[in-house]
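Architecture and fold: a report
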Amino acid sequence: ALRFEWVNDLAAFRQALVESDSVDVSVAPGMVVPADLPSTIALRTRRAVRAIEAEHPASTRIVALPNGGDSAKIYPIEFSRLGENMVTVRYADGRWSTLEFFVTEPLETVIKKRAAFLVSHHQQTDASKWYAGVYGDWDQKNEVLRGPEDRDGLSSWLTDANDDAGNARPAFIASKNVFFPDAKEIASLELYIRRYLWGGMQMT
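Remarks on the overall build of the chain
- Along the backbone of the chain there are five helices and 10 strands.
- Its C-alpha atoms give the chain a radius of gyration of 24 Å, more than 25% over the compact-globule value 17 Å for 204 residues.
- Taken along the three principal axes of its C-alpha coordinates, the chain extends 70 × 40 × 30 Å.
- Within the chain, the fraction of its 204 residues that count as buried is 34%.
- Of the roughly 12500 Å² of accessible surface on the chain, a fraction of 54% belongs to carbon and sulfur atoms.
- Averaging the positions of the 23 positive and the 28 negative side-chain charges in the chain gives two centres separated by 3 Å.

Points about the pattern of salt bridges
- Under the counting rule described, the total for this entry stands at 16 salt bridges.
- Residues Arg146 and Asp152 are paired through a salt bridge, measuring 3.4 Å at the closest nitrogen-oxygen approach.
- Taking relative accessible area as the criterion, Arg146 reaches 7% and is therefore assigned buried.
- Taken together, the shared-partner salt bridges in this structure form one network comprising Asp21, Arg46, Arg47, Arg50 and Asp93.

Observations concerning helix 1 (residues 10-19)
- The backbone nitrogen of Ala11 has a side-chain oxygen 3.3 Å away, supplied by the residue at the start of helix 1, namely Asp9.
- Just downstream of helix 1, Asp21 is the residue with a positive phi angle, here 65°.

A few points about unusual backbone geometry
- With an omega dihedral of 0°, the bond running from Ala28 to Pro29 counts as a cis peptide bond.
- When you line up the elements, Pro29 lands in the loop between strand 1 (24-28) and strand 2 (32-34).
- Its identity as a non-glycine residue notwithstanding, Glu143 has a phi of 55°, on the positive side.
- By secondary structure assignment, the location of Glu143 is in the loop between strand 9 (137-139) and strand 10 (144-146).
- By relative accessible area, which is 61% here, Glu143 ends up exposed.
- A positive phi angle, near 55°, is found at Asp152, a position not held by glycine.
- Position of Asp152 relative to the elements: it lies in the loop between strand 10 and helix 3 (156-159).

Some details on the sheet that holds strand 8 (residues 95-104)
- Here four strands make up an open sheet; going across it, the order is 2-8-7-4 and the pairing mixed. A strand with exactly one partner marks an edge of an open sheet, and here the two such strands are strand 2 and strand 4 (49-54). The mean angle between the axes of side-by-side strands here comes to 30°, regardless of whether they run parallel or antiparallel.
- Of the pairings in the sheet, the one linking strand 4 to strand 7 (residues 83-91) comprises five bridges and is antiparallel in character. Directly across from Ala54, in strand 7, lies its bridge partner Val87.

Rules and cut-offs
Residues numbered from 1 in each chain as written. Predicted model: local features only at pLDDT ≥ 70, side-chain atom pairs only at ≥ 80, totals over all residues. Heavy atoms only, no water. Helix = DSSP H or I, 4+ residues; strand = E, 2+ residues; numbered from the N terminus. Rg over C-alpha atoms; globule rule 2.2 N^0.38 Å. Buried < 20%, exposed > 50% of the residue type's maximum accessible area, 1.4 Å probe, protein only. Areas by Shrake-Rupley, 256 points an atom, 1.4 Å probe, with all protein chains shown as cover. Lys, Arg positive; Asp, Glu negative; His and termini not counted. Charge placed at Lys NZ, Arg CZ, Asp CG, Glu CD. Salt bridge = Lys/Arg side-chain N within 4 Å of Asp/Glu carboxyl O. Polar contact = N/O pair within 3.5 Å; in protein donor to acceptor, adjacent residues only side chain to side chain. Pairing = 2+ DSSP bridges. Axes fitted to C-alpha atoms, helices over the stretch in contact; angles between N-to-C directions.

Right under this line is the structure:
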């Protein structure tokens, strides 16, 4: 059967799920979580929760905390397997719902790897070009750095590092180096500022 019901806001929607014998789910901090950061699932339902099953039980730890009466059922969960991790909630008599998590490496590792990749793969370093220093667009399919002379049909705002596509990359690297300084990355930023920002982009 399919049922339509009007509700006034998100809180009412969540309550409607509970009153229709479904499950209201809250997850903190979110469904994308680093491997070194535990997550917490909160379930509200009038029906009995029969099981919380991990797609990869050997690399997933789920704990059920005691709850008081009608309050949400709390389940801290820890993942050690990177990538997609499905969690199945079995409740009532044969009903089920799935929660699709995505587990990343620790945030510090992700941030450092992203900055290193931007410097090694996205930056134009040919000193003879007017756009030397710019962080262009890496074509992952063909494994080539796109730029003003080789856009492969892409828009100039994407390949020539204008607007959000280009301006965000050096800003990210600069922010990263405030906390995790790296001499190669700082030199890369200086090239961007000296050759492209105050040279190529302003003059060309």
